[in-house]
Every structure is written in structure tokens, then in C-alpha cells.
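# Residue-level structure breakdown
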Amino acid sequence: MIETRPIHNLALIGFMGAGKSSVGHAVADRLRFDFLDTDELIESQAGKSITELFAAAGELAFRERERQVVQQLGQRTRTVIATGGGLPANAQNLADLQAHSLVVYLWASPEMLWERVRFQAHRPMLHDPDPLARIRALLTARDPFYRQADVLVNTERRSVIEVAQHVISQFRLAVSDQR
Ligand code: S3P
């Protein structure tokens, strides 16, 4: 991959349960980068949890907050950015991330994603009578966006550390191609 754009950061995108936070922490530790989670930033700026934000103002208002947070990231350097699962399903968000980050898509099958999130209750997008069908539908809609990432990493049957090591080697390659 020949990269001519600046790559100061690493952004992890992918569906809920893809491992963006756990892989992101492992990558940040090893690269000695800062770690930033867009959901956490939204929660701290709003003073509310994601669940409360969805309940109070709905998904659209949450997406506007995501947009604002992405616009705040342009000055970051040496940061691993874990994004909310729906954030890249906005072409402008993706373009803004790609202006400073290597964007890595952490992929897993719908069944594996459901397996990883089924005992967690904090994701309003999955509050549905048939969560697996919801995952499939959302993934189908979002996959074309996710696939615009610079790198796709299959996380299925790989440990967090294995995925992190793979992400790091892709990042090093991309940064060395810049020189
Ligand atoms: C969402 C994913 C969540 C969070 C919000 C909406 C989505 O982030 O941003 O609940 O639409 O996929 P994670 O992917 O970190 O769970």
C-alpha cells in the first residue's frame, strides 16, 4: 500500500462486538499511543450514558454528537481511536478519519458478533425482539462503509492480542510506505 496522506493515528471501525475497545487498548499500549473511545468522549461531554442519550433524544441526536466528536479529532496525533459501530456509516465521518488515521475494519460474522454482545445490555441499537436479525440487517447496511477502510482484519478465531499484533504490523507498513 502506498500512502501519500498523513497518518498520525489509527482508527478502528466495525460492528458492536468487533473488539474495537479491547484491541484498541492493546494496540495503544504496545505503540505507546493514547487511547480514545468516541462513545466515552460523547458520554463525558454530554454527562450522560449512551443509553440515556438514546432514550432522551433518539438516535439522530446521538449521530449528531458523533459527528461533532469526529470533527474534534483532526489535531490528534499518536492516538488509537475506537469508534462507535455506527459512526463510519456516514461518509463524511469516514473521510474525516482518513484525513489523519489509518482506518482498520475489524470484521466478524453476525453470529460471532451476537455471541460476543449477547450478555451486554448497554447497546440501544440491539434492543430488539430479534437481535441477531437486527445485527444482520445493520451489518448489511453498514458493510459498504466499513469496507472503505484501508485495512480489513478478520477477528474471528483470533485472540485480542493476535488481532492487535496484526493491526500494528499493518500500521507500521502503512507508515513506512509514507516515507
Ligand atoms: C452503536 C454502537 C455503539 C454505540 C451506540 C450505537 C451502533 O458503540 O456507539 O450504542 O449504532 O452500532 P460500540 O460499537 O462500541 O458498541
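Residues numbered from 1 in each chain as written. Predicted model: local features only at pLDDT ≥ 70, side-chain atom pairs only at ≥ 80, totals over all residues. Heavy atoms only, no water.

The buried fraction of strand E1 (residues 9-13) amounts to 5 of the 5 residues, a majority that puts the element mostly inside the structure. The alternating pattern of E1 places Asn9, Ala11 and Ile13 and Leu10 and Leu12 on opposite faces, both of which are buried. Where E1 lies against strand E4 (residues 101-107), 5 bridges are found, and the strand directions are parallel. Bridging across to E4, Leu12 finds its partner in Val104. (Buried < 20%, exposed > 50% of the residue type's maximum accessible area, 1.4 Å probe, protein only. Helix = DSSP H or I, 4+ residues; strand = E, 2+ residues; numbered from the N terminus. Pairing = 2+ DSSP bridges.)

What follows is about the packing of helix H2 (residues 38-46) against helix H3 (residues 50-71). Where H2 contacts H3, the two axes come as close as 11 Å, and the packing angle between them is 115°. With respect to their mutual orientation, H2 and H3 come out roughly perpendicular. Crossing of H2 against H3: the hand is right-handed. When H2 is examined against H3, the residues Thr38, Asp39, Leu41, Ile42, Glu43, Gln45 and Ala46 are found in contact with a partner set consisting of Ile50, Leu53, Phe62, Arg65, Glu66 and Val69. Among the residues making up the contact of H2 with H3, the classes are represented as 7 nonpolar, 2 polar and 4 charged. (Axes fitted to C-alpha atoms, helices over the stretch in contact; angles between N-to-C directions. Parallel < 35°, antiparallel > 145°, perpendicular 65-115°, else oblique. Left-handed = near helix turned anticlockwise from the far one by under 90°. Contact = heavy atoms within 4.5 Å. Nonpolar A, V, L, I, M, F, W, Y, C, P; charged D, E, K, R; others polar.)

A volume near 670 Å³ is recorded for the largest pocket. Taken together, 37 residues make up the lining of the largest pocket; nearest its centre are Lys20, Ser21, Asp39, His122 and Arg123. Elements that contribute at least two residues to the lining of the largest pocket include exactly helix H1 (20-31), H2, H3, helix H5 (110-117) and helix H7 (160-178). With 6 residues, the top contributor of residues to the lining of the largest pocket is H3. (1 Å grid on protein atoms, 1.4 Å probe; cavity = no way out; pocket = protein on both sides within 12 Å on 5 of 7 lines; lining within 4 Å. Points joined across faces, edges and corners; volume = space filled by probe spheres on them.)

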